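Working through the structure, step by step
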Amino acid sequence: MKNKIFNYDIAELTEFLIKNNFKKYNATQIFEWLYEHNETNFNNMTNLSKNLQDFLTKNFTTINLKIVKVEKSVDTYKFLFCLEDNNYIESVVMLHDYGKSVCISTQVGCNMGCTFCESGRLKKIRNLQTYEMLEQIYLIQKELNIKINSVVLMGIGEPFDNYDNVLKFVKLINNPKTLAIGARHITISTCGIVPKIKQFSEENLQVNLALSLHAPNNELRSKLMKINKVYPIEDVLKEIKNYINKTNRRVTIEYLLLKDVNDQERHALELVKLLKNLNVYVNLIPYNETSKINYNKSKKVQILKFYDILKKNNINVTIRKEFGKEISAACGQLRSKEVNK
Ligand code: SAH
């Protein structure tokens, strides 16, 4: 099988070219074509020798993902991609006032089994490779003719269940010679795999970490997220504390609000106790209802009540703006529709 050019950083491509009697500067030329001119046909890379063009065509593929569907609403685009093995994944593009962000998938399906999540209903089939994560962004930029400014790993999959590929991907897109996404504009979201949070704290990266907490006590969290039976709240928060101490970075705590399940005053107060003295900020997420799962979105007044309690108790908190409600933008929904056909 041919190599995937979008798996390569410039050092790796240089090494490969030199080994095959090409020049170091050829790697720079190729990267300029790929990432500055969005050119993916080697034969159109006009400053390369015919010999090198042929060599590249013989040894590498560029685009491997296919765009199957694009759903658009006012401020959101949802992309469904087909992979070479005919699996589906999806990405969501959000147009903020301050820039364009994309939410990408890291796995085909997910094994974490969170009860409220559409992605988890369909079990993991496989991990995505680095190039498959990168191509989501690359193709979106090309298709919409935009430059993506920030990337969140909050689509289908658990990033820390695909650690090595995800880390390589993050380093690759952060490089100024590729997609040049600033480290502080990259967010990895995890359901709380403790040893991986620890490993991640040792990488010395400036990217953002988000923890999906969703409940303020173990009894409730274990009902919502089966990972909590392996890594309960106290273990996860201890590791988050270590992470903050080591990296000096503030961590985001995601808290999904499910009507009458975890959105009551007592939950907010319990959450305050749990997070007091931690350098975190809480992102309250209005639930995106999906047809197959029996949870409901909290009422607006309840969300605001919850918000106020945190605020009054000096917890940094925001409510996530809702994007793309009318186009099934919750992670996993578009893929799940396609698979169910
Ligand atoms: N596995 C990772 C990242 C993917 S999920 C994680 O658990 O963090 C990204 C975020 O979306 C998580 O906080 C997840 O709990 C949340 N989420 C899942 N289903 C949702 C839905 N229907 N509405 C809103 N948020 C959802």
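Small disclaimer: the values here were computed from a predicted structure and weren't measured. (Residues numbered from 1 in each chain as written. Predicted model: local features only at pLDDT ≥ 70, side-chain atom pairs only at ≥ 80, totals over all residues. Heavy atoms only, no water.)

1. Observations concerning the state of the cysteines
What we call a disulfide is simply a covalent bond connecting the sulfur atoms of a pair of cysteines. Here is the rule we go by: Two cysteine sulfur atoms make up a disulfide if the distance between them is within 2.5 Å.
Going through the model one piece at a time under the given rule, you end up with zero disulfides. The cysteine Cys 82 is free of any disulfide, with Cys 103 supplying the nearest cysteine sulfur at 19 Å.

2. Here's the deal with the side chain of Asn 283
Worth spelling out the cut-off: Strands here mean DSSP runs of E at least two residues long; helices mean DSSP runs of H or I at least four residues long; both are numbered from the N terminus. Identification of polar contacts relies on pairs of N or O atoms within 3.5 Å, with a donor-acceptor requirement for protein atoms, meaning one able to donate a hydrogen and the other able to accept it, and with residues adjacent in sequence counted only if both atoms are side-chain atoms.
Tracing the sequence through the fold places Asn 283 in strand β13 (residues 280-286). At 3.0 Å, the side chain of Asn 283 and the side chain of Thr 318 are in polar contact.

3. Some remarks on the pattern of salt bridges
The cut-off we apply is this: Salt bridges, as used here, are contacts in which a Lys or Arg side-chain nitrogen is within 4 Å of a carboxyl oxygen on Asp or Glu. Whether a residue is buried, partly exposed or exposed follows from its accessible area with a 1.4 Å probe, protein chains only, as a fraction of its type maximum: under 20%, in between, or over 50%, in that order.
Summed over all chains, the structure comprises 11 salt bridges. One salt bridge in this structure joins Lys 168 and Glu 12, with 3.1 Å as the shortest N-O distance. Taken together, the positions of Lys 168 in helix α6 (residues 163-174) and Glu 12 in helix α1 (residues 10-19) put the pair 156 residues apart, joining distant regions of the chain. On the basis of relative accessibility, which here comes to 29%, the residue Lys 168 falls in the partly exposed class. Residue classification places Glu 12 among the partly exposed residues on the basis of a relative accessible area of 30%. Note that Asp 75 is salt-bridged to Lys 321, the shortest N-O span being 3.0 Å. With Asp 75 in the loop between β3 (66-72) and β4 (76-82) and Lys 321 in the loop between β14 (316-319) and α12 (333-340), this pair connects stretches of sequence that are 246 residues apart. Connected through salt bridges with shared partners, the residues Asp 85, Arg 126 and Glu 132 form a single ionic network.

4. Observations regarding the layout of surface pockets
Selection rule: Using only the protein atoms, space was sampled on a 1 Å grid; points where a 1.4 Å probe fits but cannot get out form cavities, open sets with protein on both sides within 12 Å along at least five of seven lines form pockets, and lining residues are those with an atom within 4 Å of a point. Grid points are joined across faces, edges and corners, and a volume is the space filled by probe spheres set on the points. Residues were grouped as follows: Ala, Val, Leu, Ile, Met, Phe, Trp, Tyr, Cys and Pro as nonpolar; Asp, Glu, Lys and Arg as charged; and all remaining residues, including Gly, as polar.
Of the volumes computed, that of the second largest pocket is approximately 180 Å³. The wall of the second largest pocket is formed by Pro 286, Lys 297, Ser 298, Lys 300, Ile 303, Leu 304, Ile 319, Arg 320, Lys 321 and Glu 322. With three residues, helix α11 (residues 300-312) is the single largest residue contributor to the lining of the second largest pocket. In terms of residue class, the lining of the second largest pocket is built from four nonpolar, one polar and five charged.

5. Regarding the domain arrangement of the protein chain
Let me state the cut-off plainly: Start and end points for every domain follow an automatic or database-based domain assignment. We call two residues in contact whenever any of their non-hydrogen atoms come within 4.5 Å of each other. By definition, the buried area sums, over both parts, the 1.4 Å-probe accessible area that each loses when the two are put together.
Split by domain assignment, the protein chain resolves into domain 1 (3-61) and domain 2 (66-340). Look at where the C-alpha atoms of domain 1 and domain 2 centre, and you get two points 34 Å apart. Facing the 13 residues of domain 1 at the interface are 12 residues of domain 2. Each partner contributes to the roughly 1200 Å² buried at the junction of domain 1 and domain 2, and carbon and sulfur atoms together form 60% of this total. On the domain 1 side of the contact with domain 2, Phe 6, Asn 7 and Tyr 35 bury the most area, a combined 48% of that side's loss. Linking domain 1 to domain 2 there are seven residue pairs in polar contact (both at pLDDT 80 or more). Contributions of two or more residues to the side of domain 1 that touches domain 2 are made by α1 and α2 (24-36). Counting residues per element, the side of domain 1 that touches domain 2 draws most heavily on α2, which supplies three residues.

6. Here we look at the sheet that holds β4
Backbone-to-backbone hydrogen bonds join strands into a sheet, with any given pair of strands oriented parallel or antiparallel. We apply this condition: Strand pairing follows a simple DSSP-based rule, namely that at least 2 bridges must link the two strands. Only C-alpha atoms enter the line fits that serve as axes; for helices the fit covers just the stretch in contact. Angles between N-to-C directions range over 0 to 180 degrees.
Taking strand neighbours across the sheet as the criterion, the 10 strands line up as β3-β4-β5-β6-β9-β10-β11-β12-β13-β14 in an open arrangement whose pairing is mixed. The open sheet has two free edges, formed respectively by β3 and β14, since each of these has just one partner strand. Recorded for the sheet is a direction-independent mean angle of 20° between the axes of neighbouring strands. Pairing geometry for strand β9 (residues 150-153) and strand β10 (residues 186-190), over three bridges, is parallel. For Leu 153, the partnering residue across the bridge sits in β10 and is Ile 188. Where helix α5 (residues 130-144) meets the sheet, it contacts β3, β4, β5 (88-96), β6 (99-103) and β9, and its direction lies at approximately 125° from that of β4.

7. Here's the deal with the site of the ligand
How we decide: Definition of nearness: a residue and a molecule or strand are near each other if at least one heavy atom of the residue lies within 4 Å of the molecule or strand. Per-residue and other accessible areas follow the Shrake-Rupley method at a 1.4 Å probe size, with only the shown protein chains counted as cover for residues.
Close to the ligand lie 21 residues; Glu 158, Ser 189, Ser 212, His 214 and Asn 288 are nearest. One of the backbone N or O atoms of Gly 157 is found 3.0 Å from a nitrogen atom in the ligand. A distance of 2.9 Å is found between a nitrogen atom of the ligand and a side-chain nitrogen or oxygen belonging to Glu 158. For the ligand, whose accessible area on its own is 540 Å², the fraction buried by protein is 93%. Listing elements by their share of the shell around the ligand, those giving two or more residues are β10 and β12 (251-257). Counted by class, the shell around the ligand contains 11 nonpolar, eight polar and two charged residues.

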